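Results of the structural survey
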Amino acid sequence: MSFERDLVSADADAEGDERLVEAALRPKRLEEFIGQARVREQLSLVLQSALRRNRPPDHVLMSGGPGLGKTTLALIIATELSAPIRITSGPALERAGDLAAILSTLSEGEVLFIDEIHRMARPAEEMLYLAMEDFRVDIVVGKGPGATAIPLEVAPFTLVGATTRAGLLPAPLRDRFGFVAHMDFYDAGELERVLHRSAALLGLELPGDAAREIAGRSRGTPRIANRLLRRVRDFAEVRSDGVVTRDVAAAALNLYEVDAEGLDRLDRAVLSALLGKFGGGPVGLSTLAVAIGEEPETVEVVAEPFLVRQGLLARTPRGRVATAAAWVHLGLTPPPDAFGAQAPVDLGDDSGPA
Ligand SMILES: Nc1ncnc2c1ncn2[C@@H]1O[C@H](COP(=O)(O)OP(=O)(O)OP(=O)(O)O)[C@@H](O)[C@H]1O
Ligand SMILES: [Mg+2]
């Protein structure tokens, strides 16, 4: 019995450690935030003009996949404004009262960060509309015909919402944000800069070609880049006296089953099921998820955006479809009617103008 508990707590410790390291690696100022040039410039304008007017800035919504820097940016917003920040999340706001308790105790100019804002319960959401627009909430007292609404003032605050699924936000909520930041995947050069910055903070020497190797397998995501860097560091400590080279990085990541294109176990499970069990598709998301024992949400939010971006999977009205490239990636021959197989190919020297 205690063995299992030990395992569980060891796991929790490891996760706690990872979270501590993650917090330590977070950029603290907008200036240190790497990549997302457009978002950074837009946000910087919003913040500067608010500071100049000495008013809280418009509400900010950040949308983008996991690990792209939404929480980091929310914390940066508060730091740049020298404002306190209150942190909560959509699932924690089950009843309107949960939100009212927070809103009624905000101080002027405070930043309220609601993570996973698309998962808020309906009544809390409706209360939030009013608070965002008029800095006021109606507290309903009593039940039935005798119920009365008591208006309550809320100090002017800035809401920062984060979501991995902007499409699930009701339009009235989305429309009340003055600024929407779309966080995109990072390119290889940006990820290399993230890696060099993190390596310096970890006191680790990281040659350029090793950084490139890790960046190429990081799925366009800083959190993954940092995580892979730590795995490479562990591997180097045990197998090569702590010295990181490109070969050491590649060997470490192969050991952790992160392939050269950055696909991990989950990605390969999705593709293998799609090819092996459903002949390449089309197949519905939930069927695909059940086939690999995952939640549809995990497949849709964690694996698919990257697979789609790599041109390995397509979302069609009839379901998920593997592209010809997916067959090739798994070392198989694509069937002649594979999705994307008829796409125009570069014919080489003699096809273009001289
Ligand atoms: N632009 C960046 N520059 C440097 N490091 C970054 C950047 N963006 C993210 N990171 C690093 O990646 C890690 C994950 O970022 P963060 O927690 O902000 O992602 P998130 O978008 O909130 O993810 P989730 O959707 O899972 O909450 C952070 O620890 C941070 O160190
Ligand atoms: Mg986050």
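Residues numbered from 1 in each chain as written. Chains lettered and ligands numbered in written order. Predicted model: local features only at pLDDT ≥ 70, side-chain atom pairs only at ≥ 80, totals over all residues. Heavy atoms only, no water.

So, the side chain of E213
Summarising the element assignment, E213 is placed in helix α8 (residues 208–216). One polar contact links E213 to R246, side chain to side chain, over a distance of 3.0 Å. Residue contacts for E213: discarding those within four places in its chain leaves R246, A249 and A250. (Helix = DSSP H or I, 4+ residues; strand = E, 2+ residues; numbered from the N terminus. Polar contact = N/O pair within 3.5 Å; in protein donor to acceptor, adjacent residues only side chain to side chain. Contact = heavy atoms within 4.5 Å.)

A look at the domain arrangement of the chain
Taken as a whole, the chain is organised into domain 1 (36–182), domain 2 (190–255) and domain 3 (265–329). Computed from C-alpha coordinates alone, the two centres of domain 1 and domain 2 are separated by 36 Å. Facing the four residues of domain 1 at the interface are five residues of domain 2. Roughly 310 Å² of surface becomes buried between domain 1 and domain 2 when both sides are summed, with 46% attributable to carbon and sulfur atoms. Our count for the contact surface shared by domain 1 and domain 2 stands at zero salt bridges. Our count for the domain 1 to domain 2 interface comes out at one residue pair in polar contact (both at pLDDT 80 or more). (Domains from an automatic or database assignment. Buried area = accessible area lost by both parts, 1.4 Å probe. Salt bridge = Lys/Arg side-chain N within 4 Å of Asp/Glu carboxyl O.)

Quick look at the UniProt feature "binding site: DNA" (unreviewed entry) in the chain
Here the UniProt feature "binding site: DNA" (unreviewed entry) sits at R315 and R320. Engagement of the side chain of R315 in a polar contact is seen with the backbone oxygen of E300, the distance being 3.1 Å. With respect to the secondary-structure elements, R320 resides in strand β9 (residues 319–322). Overall, the relative accessible area of 12% leaves R320 in the buried class. (UniProt positions renumbered as here; feature names shortened; annotations may be inferred. Buried < 20%, exposed > 50% of the residue type's maximum accessible area, 1.4 Å probe, protein only.)

A few points about the pattern of salt bridges
Taken as a whole, this structure holds 23 salt bridges when the rule is applied. Ionic pairing is found between R165 and E297, a salt bridge with its closest N-O pair at 2.9 Å. Placement of the pair is R165 in the loop between β6 (158–163) and α6 (171–174) and E297 in helix α13 (residues 296–309), with a sequence separation of 132 residues. Ionic pairing is found between E192 and R212, a salt bridge with its closest N-O pair at 4.0 Å. Here E192, found in helix α7 (residues 188–202), pairs with R212, found in helix α8; they are 20 residues apart in sequence, far enough to count as distant.

Observations concerning the pairing of β6
Most of β6 is tucked away: six of the six residues are buried. Side chains T158, V160 and A162 of β6 all project onto a buried face; the interleaved residues L159, G161 and T163 project onto the opposite face, where all are buried too. Pairing of strand β1 (residues 60–63) with β6, which is carried by four bridges, proceeds in the parallel orientation. If you follow L61 over to β6, its bridge partner there is G161. Both strand β3 (residues 111–115) and β6 contribute to a ladder of four bridges, which runs parallel. Bridge pairing in β6 places F113 opposite V160. (Pairing = 2+ DSSP bridges.)

Let's talk about the site of ligand 1
Close contacts around ligand 1 come from 20 residues, with E22, I34, G67, K70 and T72 the closest. R26 is positioned such that a nitrogen or oxygen atom in its side chain is 2.9 Å from an oxygen atom of ligand 1. Here G69 contributes a backbone N or O atom positioned 3.0 Å from an oxygen atom of ligand 1. Here ligand 1 loses 93% of its free accessible area of 640 Å² to cover by the protein chains. Of all the elements in the fold, those that place two or more residues in the shell around ligand 1 are α1 (2–25), α3 (70–81) and α9 (222–239). Residue composition of the shell around ligand 1, by class: nine nonpolar, seven polar and four charged. Two domains each put at least three residues into the shell around ligand 1: domain 1 (36–182) and domain 2 (190–255). (Near = heavy atom within 4 Å. Areas by Shrake-Rupley, 256 points an atom, 1.4 Å probe, with all protein chains shown as cover. Nonpolar A, V, L, I, M, F, W, Y, C, P; charged D, E, K, R; others polar.)

Structural notes on the packing of aromatic side chains
Across all of its chains, the model carries one aromatic pair by this definition. When the centroid spacing of 5.5 Å and the interplanar angle of 80° are considered together, the rings of F135 and F157 count as edge-to-face. In this pair, F135 sits in the loop between α5 (122–134) and β4 (136–141) while F157 sits in the loop between β5 (148–153) and β6, placing the two residues 22 residues apart along the sequence. (Phe/Tyr/Trp six-rings, centres within 6.5 Å; stacked < 30°, edge-to-face > 60°.)

Quick look at α3
End to end, α3 covers 17 Å across 12 residues, agreeing with the expected 16 Å (1.5 Å per residue, within 8%). Burial analysis of α3 places nine of its 12 residues in the buried class, which makes it a mostly covered element. Where α3 is concerned, the buried positions are K70, T72, L73, A74, I76, I77, A78, E80 and L81. Looking at the buried side of α3, the elements it contacts are α2 (37–53), β1, β2 (85–89), β3 and β6. Looking one or two places after α3, you find S82, whose phi comes out positive at around 50°. (Expected span 1.5 Å × (residues − 1).)

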